[in-house]
Number of protein chains: 2
Amino acid sequence: MSRLLLATRNAKKLTELRRVLEAEGVTGVEVVGLDSVPEFPEAPETGATFEDNAVAKATDAAAATGLPAVADDSGLTVAALNGMPGVLSARWAGRHGDDAANLELLLGQLADVPDERRAAAFVAAAALVTPGGGEVVVRGEWPGSLTREPRGTNGFGYDPIFVPEGETRTSAELTSAEKDADSHRGRALRLLLPHLREQAE
Amino acid sequence: MSRLLLATRNAKKLTELRRVLEAEGVTGVEVVGLDSVPEFPEAPETGATFEDNAVAKATDAAAATGLPAVADDSGLTVAALNGMPGVLSARWAGRHGDDAANLELLLGQLADVPDERRAAAFVAAAALVTPGGGEVVVRGEWPGSLTREPRGTNGFGYDPIFVPEGETRTSAELTSAEKDADSHRGRALRLLLPHLREQAE
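Residues numbered from 1 in each chain as written. Chains lettered and ligands numbered in written order. Predicted model: local features only at pLDDT ≥ 70, side-chain atom pairs only at ≥ 80, totals over all residues. Heavy atoms only, no water.

## Comments concerning the relation of the copies chain B and chain A
So, point 1. In the superposition of chain B on chain A (RMSD 0.0 Å, axial shift 0.0 Å), the rotation amounts to 180°. On the angle and the small slide along the axis, the relation comes out as a two-fold axis. Of every C-alpha in chain B, the one belonging to Asn82 of chain B sits nearest the axis of rotation, 2.9 Å from it.
So, point 2. The share of interface residues of chain B whose copies in chain A are also at the interface is 95%, consistent with both copies meeting through the same surface. (Least-squares fit on C-alpha atoms with pLDDT ≥ 70 in both. Contact = heavy atoms within 4.5 Å.)

Pasting the structure below:
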């Protein structure tokens, strides 16, 4: 059985990738996370694009472990903000990972933006880098629009204000299964599948 | 002597326009501000561009007063933020006009953005609208880059972190005369001058 490193310490992301691989019948791959690489130096995500960040993270992880490595970077792009918060989604309010502050700031910035200009999309880039120098990077997008008040408690980040196209619920009001089926991360992972299957063989 | 309305309640902007007109030898125009139009309903600036906002403000002002009206809208565009804060410059931190919060937020968002990607420009659009339906809109840009710490006490808004091209000082360390000569607002007003001269004649 070959090993594949997912460059994350997030247990939910590990579970998600294992679930996607299983659902798609990709067997023979053991997915391990960064917890198995205690000394891995996590570089800051300073790229200008989601793709840059995903490739940089996967490249570092493959180099540090000698394993094929998958990494992702994702965020929310808002049309009225010219595509921002984008790569700065997790630190939009100036500190890293303060979801409540990020969401409150975004709603404040968009307070005077009318409904017809509240389009947004969740975007995820996922990269697979092999120690031999192979590199694939894909992008999944989940288009929708932004509410004026948060709704729902599933999910995290900007989920409570994002309504996917064709939905009336926010992505924080969807079930995990519904979200897996449609979300930017799900789309990106499925685009990566043929390449993961190759690794498995 | 013909009258020209500058659609602002900001005394500094009135002085600036009078000074520019005088310096350029445009006589025969009396510049009045919105303080002479007590009932003027100030519409929120909800346009997608500086030009939209300047034209909307000048149009409202001309309609309300029967005078030719000049209005401007300006802000900071940051390359690493895809041109934002842009039209949201004055309310970037979510509340209108909190300069200190706006500046602190912007520095926090750009904390991991390296020096070579800190390009920015101050941008001003200025519109002249006449009651008969004439409309001119121009744009002045002042290119530069952003520091990591505020410096200087002249100016307002993002001046303390903006270093104009060819300068080592921030625009908050320049004199008012130096700023008038180069700034986005100065450039926009000078582009509008031929049209203001026509009005005076």
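## Quick notes on the interface of chain B and chain A
So, point 1. Taken together, the contact pairs 19 residues of chain B with 18 residues of chain A.
So, point 2. A combined buried area of about 1,600 Å² lies between chain B and chain A, and 56% of that area is made up of carbon and sulfur atoms.
So, point 3. Between Arg91 of chain A and Asp112 of chain B there is a salt bridge; the shortest N-O distance is 2.8 Å.
So, point 4. Counting across the interface, chain B meets chain A through seven residue pairs in polar contact (both at pLDDT 80 or more).
So, point 5. For the side of chain B that touches chain A, the per-class residue count stands at nine nonpolar, seven polar and three charged. (Buried area = accessible area lost by both parts, 1.4 Å probe. Salt bridge = Lys/Arg side-chain N within 4 Å of Asp/Glu carboxyl O. Polar contact = N/O pair within 3.5 Å; in protein donor to acceptor, adjacent residues only side chain to side chain. Nonpolar A, V, L, I, M, F, W, Y, C, P; charged D, E, K, R; others polar.)

## Details of the UniProt feature "active site" (unreviewed entry) in chain A
All names here are of chain A.
So, point 1. UniProt's entry tags Asp73 with the feature "active site" (unreviewed entry), counted in the numbering of this structure.
So, point 2. Within the secondary structure, Asp73 sits in strand E3 (residues 69-78).
So, point 3. Take Asp73: its relative accessible area is 6%, and that puts it in the buried class.
So, point 4. Each residue touching Asp73, except ones within four places of it in the same chain, is listed here: Glu45, Phe50, Asn53, Ala54, Val87, Val123, Ala124 and Ala125.
So, point 5. Polar side-chain contacts of Asp73 include one of 3.0 Å to the side chain of Asn53. (UniProt positions renumbered as here; feature names shortened; annotations may be inferred. Helix = DSSP H or I, 4+ residues; strand = E, 2+ residues; numbered from the N terminus. Buried < 20%, exposed > 50% of the residue type's maximum accessible area, 1.4 Å probe, protein only.)

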